[in-house]
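Architecture and fold: a report
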Amino acid sequence: MKSCPDCTTALRPIQIIGRYGNVNYSEGLEYTAGDKPKFGAWKGHMKNRAGTVHGFLCDTCQRVLFYAVPGDGAGS
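This text gives an overview of the structure that appears in the document. (Residues numbered from 1 in each chain as written. Predicted model: local features only at pLDDT ≥ 70, side-chain atom pairs only at ≥ 80, totals over all residues. Heavy atoms only, no water.)

Description of the overall build of the protein chain
Scanning the protein chain from N- to C-terminus turns up zero helices and six strands. Shown N-terminal to C-terminal, the secondary structure of the protein chain runs as helices and strands in the order β-β-β-β-β-β. A burial count over the protein chain gives 28% of its 76 residues as buried. Considering only contacts within the protein chain whose residues lie at least 6 apart along the sequence, 31% involve residues at least 24 apart. Summing over all exposed atoms, the protein chain offers an accessible surface of approximately 5,500 Å²; the carbon and sulfur share of this is 53%. (Helix = DSSP H or I, 4+ residues; strand = E, 2+ residues; numbered from the N terminus. Buried < 20%, exposed > 50% of the residue type's maximum accessible area, 1.4 Å probe, protein only. Contact = heavy atoms within 4.5 Å. Areas by Shrake-Rupley, 256 points an atom, 1.4 Å probe, with all protein chains shown as cover.)

Describing the pairing of strand β6 (residues 64–70)
Regular strands place their side chains on alternate faces of the sheet. Of the strand pairs in this sheet, strand β5 (residues 51–57) and β6 are connected by seven bridges, and their pairing is antiparallel. Bridging from a neighbouring strand, F56 pairs with L65 of β6. Counted along the chain from β5 to the antiparallel partner β6, the turn is six residues long, and its residue Q62 has a positive phi close to 65°. (Pairing = 2+ DSSP bridges.)

Comments concerning the side chain of T52
Among the structural elements, T52 can be located in strand β5. Residue class for T52 comes out buried when judged on its relative accessible area of 6%. In this structure the side chain of T52 is engaged in a polar contact, spanning 2.9 Å, whose partner is the side chain of H54. (Polar contact = N/O pair within 3.5 Å; in protein donor to acceptor, adjacent residues only side chain to side chain.)

Focus on the nonpolar core
Side chains that are nonpolar tend, in soluble globular proteins, to be buried together. Core analysis: the biggest nonpolar cluster contains five residues, these being C4, L11, F56, C58 and L65. Contact partners of C4, with chain neighbours within four places excluded, come to T9, L11, C58, C61 and R63. (Core = buried A, V, L, I, M, F, W, Y, C linked by side-chain atoms within 4.5 Å.)

Focus on the packing of aromatic side chains
The tally for this structure, following the rule as stated, stands at one aromatic pair. Seen in terms of ring centroids, F56 and Y67 are 5.6 Å apart; in terms of plane orientation they differ by 80°. Their pairing is edge-to-face. Taken together, the residues F56 in strand β5 and Y67 in strand β6 connect sequence positions eleven residues apart. Among the residues examined, Y67 registers a relative accessible area of 28% and is labelled partly exposed. Across the ring face of Y67, the terminal group of K2 is positioned such that the distance to the ring centre comes to 4.6 Å. (Phe/Tyr/Trp six-rings, centres within 6.5 Å; stacked < 30°, edge-to-face > 60°. Lys NZ or Arg CZ within 6 Å of the ring centre and 35° of its normal.)

Laid out in structure tokens, this is it:
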């Protein structure tokens, strides 16, 4: 489990809502590694996706931290 760099309290995962299309939501925001995003013509999925960004909250100092997770973004 990740801990707060300020007070070492265990961080609580929070959901970051990224809106894709009209009604579809996904946990975590996608990112590219410096390239301008390239989207597919039919579904709008990012073709050059490098991974996802996940958020965590420290309940003690209320700090929010974001971590990039390369690839499929399965780890958090």
